[in-house]
Amino acid sequence: MSPVFPMLTVLTMFYYICLRRRARTATRGEMMNSHRTIESNSRTSSLNAEVVQYAKEVVDFSSHYGSENSMSYTMRNLAGVPNVFPSSGDFTQTAVFRTYGTWWDQCPSASLPFKRTPPNFQSQDYVELTFEQQVYPTAVHVLETYHPGAVIRILACSANPYSPNPPTEVRWEILWSERPTKLNASQARQFKPCIKQINFPTNLIRLEVNSSLLDYYTELDAVVLHGVKDKPVLSLKTSLIDMNDIDDDAYEEKDGCGMDNLNKKFSSAVLREGPNNGYFDKLPYELIQLILNHLTLPDLCRLAQTCKLLSQHCCDPLQYIHLNLQPYWAKLDDTSLEFLQSRCTLVQWLNLSWTGNRGFISVAGFSRFLKVCGSELVRLELSCSHFLNETCLEVISEMCPNLQALNLSSCDKLPPQAFNHIAKLCSLKRLVLYRTKVEQTALLSILNFCSELQHLSLGSCVMIEDYDVIASMIGAKCKKLRTLDLWRCKNITENGIAELAFGCPLLEELDLGWCPTLQSSTGCFTRLARQLPHLQKLFLTANRSVCDTDIEELACNCTRLQQLDILGTRMVSPASLRKLLESCKDLSLLDVSFCSQIDNRAVLELNASFPKVFIKKSFTQ
């Protein structure tokens, strides 16, 4: 028989398997929903009464629209009974995340995405909630009051946050997950996904959201956990579930939640000798490397166990130049880092956001990893990594001399003195300190020594005493600054704005949202418009004093403007907005919510004249 025929047979079988899997997965979501409905209906008996409870406390979150010192639009509004539901609209008593849509990905401050991010990980934000009693979950209901549809994943944790004894093991299980979908309605709803059964009780629930398809900010009011105290026993009816269906779901869940048994996959066990590797031996080394670049990290781990040749390729440090470990936050620990260590000696981009919490990663484990793998690091993402302490930042400053981008967003447990070490990173071009406890002295030192900064985020940094002093230092030292986030900076005045406008003429993005001490009558906004002609994004959110004069100055001087937020002003008329829209041909986002002179009729007329511009007009029922 010709050697061609076995190859054709193999290809035919592979094609058949692919078609069969595609046909099966086309309706798998509907099948699983119906199967899980059977499960939920048959889990409990009358002897195991269901417990229904609202969230007791919000213990962690990645971002919120509100401030750290109030309750308006903060994640803390998710605790307790509903404040707004069943009403619909924009209410300050709800929980709101910081961003929506794709606008933040299109502005000058946006970072490039990491390669090798698995397609089933699309979470952008999260919030973790505790409940009074540990139960085996039977349902989780989310009360959404405005632009629903952002929740894409719900998880449960085995650890009891109120237990006096630390757990020996912490497990996270996915109760429900779905890809982002766009809902046409913005009205309130009670979201009731069909969740799966888990084999441990929980009183810690995590919601993960993706707001990229939303037309405006999503608002959440409350979360309800239904469950039973005793472990439920499945009815025999659940045997109707297709075993192939269970296998597929388990596979996706395993990949989606993390690199399970990573130490086994990356173990250095000797592979058995086998036959030659066929045509792979004849392929150039670089070509095989290029092919493997398309694999996710768990797939790379699996492939490393197939043969010596592919193991050599999968362990090549060139495969780990960009390493995104955020999708595997629920499994990543010290052991995982230890086995990755020898393969990451050339890593340049490293994403450890959301990882290491609740003891998964120790300070010692993180330090060991960076001492081996930090010399080539250019970008380090550590958003919401609560294991970090002063020692960790000291290690970063010593082991990462080439670091250009550092993200410490929402690392709110870092002590203020830890930030002093950042001043040693003189090559920094991007620094994100959103929702951290950085103090004025440390920040002045950073600005003094890190003069190459191009992107700086200081949003919601409540420990800074005088933002005018900070603005003056930025204007004096950071001449190359292109983007600056001063969201909810409570005490910056026209003096600080004058220093910024004069010292940073290259600014393309400036967020001054919810800065109440800025007054249009001082001429601060006019000065911005005249001295910053490169502005593409300007947020003046909730500044009541913005007026027609400011808008007309923007129309004359900032013709490159793409995004403008003037939510809440009482002094802007439709006529000045029309001038702005006529002058700024690239304008794509204009938020005029709660602008008293801009009613719905004016918005409709502007939309008709400028259909390419998304004009946002929020409402309260």
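Look up a bit, the structure's there.
Residues numbered from 1 in each chain as written. Predicted model: local features only at pLDDT ≥ 70, side-chain atom pairs only at ≥ 80, totals over all residues. Heavy atoms only, no water.

J.: An account of the packing of helix H8 (residues 334-341) against helix H9 (residues 363-373) is needed here, citing residue identities and associated values.
T.: Two numbers describe how H8 lies on H9: the axes approach to 9 Å, and their chain directions differ by 15 degrees. What the angle tells us is that H8 and H9 run roughly parallel. Along this stretch, H8 crosses H9, giving a crossing that reads as left-handed. The segment H8 lies against H9, with Asp334, Leu337, Leu340 and Gln341 engaging Gly365, Arg368, Phe369, Val372 and Cys373. (Axes fitted to C-alpha atoms, helices over the stretch in contact; angles between N-to-C directions. Helix = DSSP H or I, 4+ residues; strand = E, 2+ residues; numbered from the N terminus. Parallel < 35°, antiparallel > 145°, perpendicular 65-115°, else oblique. Left-handed = near helix turned anticlockwise from the far one by under 90°. Contact = heavy atoms within 4.5 Å.)

J.: Just give me the short version of helix H15 (residues 548-557), but keep the residues and values in it.
T.: Of the residues making up H15, those classed as buried are Asp550, Ile551, Glu553, Leu554 and Ala555. The inward-facing, buried residues of H15 abut helix H14 (524-531), strand E18 (537-539), strand E19 (563-565) and helix H16 (574-583). (Buried < 20%, exposed > 50% of the residue type's maximum accessible area, 1.4 Å probe, protein only.)

J.: Go over the packing of aromatic side chains, please, and point to the residues and values.
T.: A complete count under the given rule lists 18 aromatic pairs for this structure. Look at Trp103 and Phe614: their rings are 5.4 Å apart centre to centre, the planes differ by 70 degrees, and that puts the pair in the edge-to-face class. Pair noted here: Trp103 is in the loop between strand E3 (95-96) and strand E4 (125-146) and Phe614 is in strand E21 (residues 614-616), with a separation of 511 residues, a long-range link. Between Tyr146 and Tyr216, the ring centres sit 6.3 Å apart and the planes meet at 75 degrees, which makes this aromatic pair edge-to-face. In this pair, Tyr146 sits in strand E4 while Tyr216 sits in the loop between strand E8 (202-209) and strand E9 (219-228), placing the two residues 70 residues apart along the sequence. Assigned by exposure class, Tyr146 and Tyr216 land together as buried. Taken together, the aromatic side chains of Tyr65, Tyr73, Tyr100, Trp104, Tyr146, Tyr216, Tyr217, Trp487, Trp514 and Phe539 make up a single cluster linked through ring pairs. When the ring centre of Trp514 is taken as reference, the NZ or CZ atom of Arg488 above it lies at 4.4 Å. (Phe/Tyr/Trp six-rings, centres within 6.5 Å; stacked < 30°, edge-to-face > 60°. Lys NZ or Arg CZ within 6 Å of the ring centre and 35° of its normal.)

J.: Hey, could you go over the pattern of salt bridges for me, with residue numbers and the actual values?
T.: Inspection of the entire model under this criterion finds 21 salt bridges. Where Asp299 meets Arg302, a salt bridge forms, and the shortest distance between an N and an O atom there is 2.8 Å. Residue Asp299 and its partner Arg302 are both found in helix H6 (residues 297-303); the two are separated by three residues, about one turn of the helix. Here Arg302 falls in the partly exposed class, since its relative accessible area comes to 24%. The residue Arg379 makes a salt bridge to Glu381 at a minimum N-O spacing of 2.8 Å. Both residues of the pair, Arg379 and Glu381, count as buried. Through salt bridges that share partners, Glu128, Arg153, Arg206, Glu208 and Arg358 make up one connected network. (Salt bridge = Lys/Arg side-chain N within 4 Å of Asp/Glu carboxyl O.)

J.: Pulling in residues and values, what's your account of the nonpolar core?
T.: Formed by 110 residues in total, the largest nonpolar core has its most connected members in Leu408, Ile422 and Ile474. When near neighbours in sequence (up to four residues on either side) are disregarded, Ile474 contacts Leu447, Leu456, Leu458, Leu481, Leu484, Leu500 and Cys504. Residues Leu78, Ile195, Phe200 and Ile205 belong to the second largest nonpolar core, which totals 31 residues. (Core = buried A, V, L, I, M, F, W, Y, C linked by side-chain atoms within 4.5 Å.)

J.: An account of the state of the cysteines is needed here, citing residue identities and associated values.
T.: A covalent bond bridging the sulfur atoms of two cysteines is what the word disulfide describes. Applying the stated criterion across every chain yields a total of zero disulfides. Left without a disulfide partner, Cys504 is nearest to the cysteine sulfur of Cys478, which lies 6.5 Å away. Cys556 takes part in no disulfide bond, and the closest cysteine sulfur to it belongs to Cys584, at a distance of 9.4 Å. (Disulfide = S-S within 2.5 Å.)

J.: So, helix H12 (residues 467-477): which residues are in play, and what are the values?
T.: Among all positions in H12, only Tyr467, Asp468, Ile470, Ala471, Ile474 and Gly475 are buried. One face of H12 carries all of its buried residues, which in axial projection span an arc of 160 degrees. Looking at the packing, one finds that the buried side of H12 touches helix H11 (440-449), strand E15 (455-457), strand E16 (483-485) and helix H13 (494-503). Residue Asp466 occupies the N-cap position of H12, its side-chain oxygen lying 3.0 Å from the main-chain nitrogen of Asp468. (Arc of directions from axis to C-beta. Polar contact = N/O pair within 3.5 Å; in protein donor to acceptor, adjacent residues only side chain to side chain.)

J.: Could you give an account of the sheet that holds E16, naming the residues involved and the relevant values?
T.: In space, the twelve strands of this open sheet follow the order E10-E11-E12-E13-E14-E15-E16-E17-E18-E19-E20-E21, with parallel pairing throughout. Strands at the two margins of the open sheet, each flanked by one partner only, are strand E10 (322-324) and E21. Averaged over neighbouring strand pairs, the angle between their axes works out to 5 degrees when direction is ignored. Where strand E20 (residues 589-591) and E21 come together, three bridges link them in parallel fashion. The partner of Leu589 across the bridge, within E21, is Phe614. (Pairing = 2+ DSSP bridges.)

J.: So, unusual backbone geometry: which residues are in play, and what are the values?
T.: That bond from Phe85 to Pro86 is cis: its omega, 15 degrees, falls within 30 degrees of zero. Summarising the element assignment, Pro86 is placed in the loop between strand E2 (57-61) and E3. One non-glycine residue with positive phi stands out, namely His147, at about 45 degrees. Structurally, His147 can be placed in the loop between E4 and strand E5 (151-157). The buried category is assigned to His147, whose relative accessible area is 12%.

J.: Any details on the pairing of strand E6 (residues 172-177)? Residues and values, ideally.
T.: Of all six residues making up E6, five are buried, and the element is well covered by its neighbours. Two strands pair when backbone bridges link them, and E5 and E6 are joined in this way by five bridges, in the antiparallel orientation. Bridging across to E6, Leu155 finds its partner in Ile174.

J.: Could you give me a rundown of the side chain of His386, with the residues and numbers involved?
T.: Along the chain, His386 falls in the loop between strand E12 (379-381) and helix H10 (390-399). Here the side chain of His386 touches Asp60 through a polar contact of 3.0 Å, side chain to side chain. Setting aside residues up to four positions removed in sequence, His386 forms contacts with Asp60, Tyr126, Asn357, Ser410, Cys411, Asp412 and Lys413.

J.: Which residues make up the pairing of E4, and what are the values?
T.: The buried fraction of E4 amounts to 19 of the 22 residues, a majority that puts the element mostly inside the structure. Pairing of E4 with E8, which is carried by seven bridges, proceeds in the antiparallel orientation. Its bridge partner lying in E8, Val127 is registered against Leu207. Summarising the sheet, E4 and E9 pair through nine bridges and their orientation is antiparallel. Residue pairing for E9: Ala139 is matched across the bridge by His226. Here E4 runs beside strand E7 (residues 189-191); their pairing, made up of three bridges, is antiparallel. The residue of E7 that forms the bridge with Glu144 is Arg189.

By themselves, these figures tell us nothing about what the structure is for.
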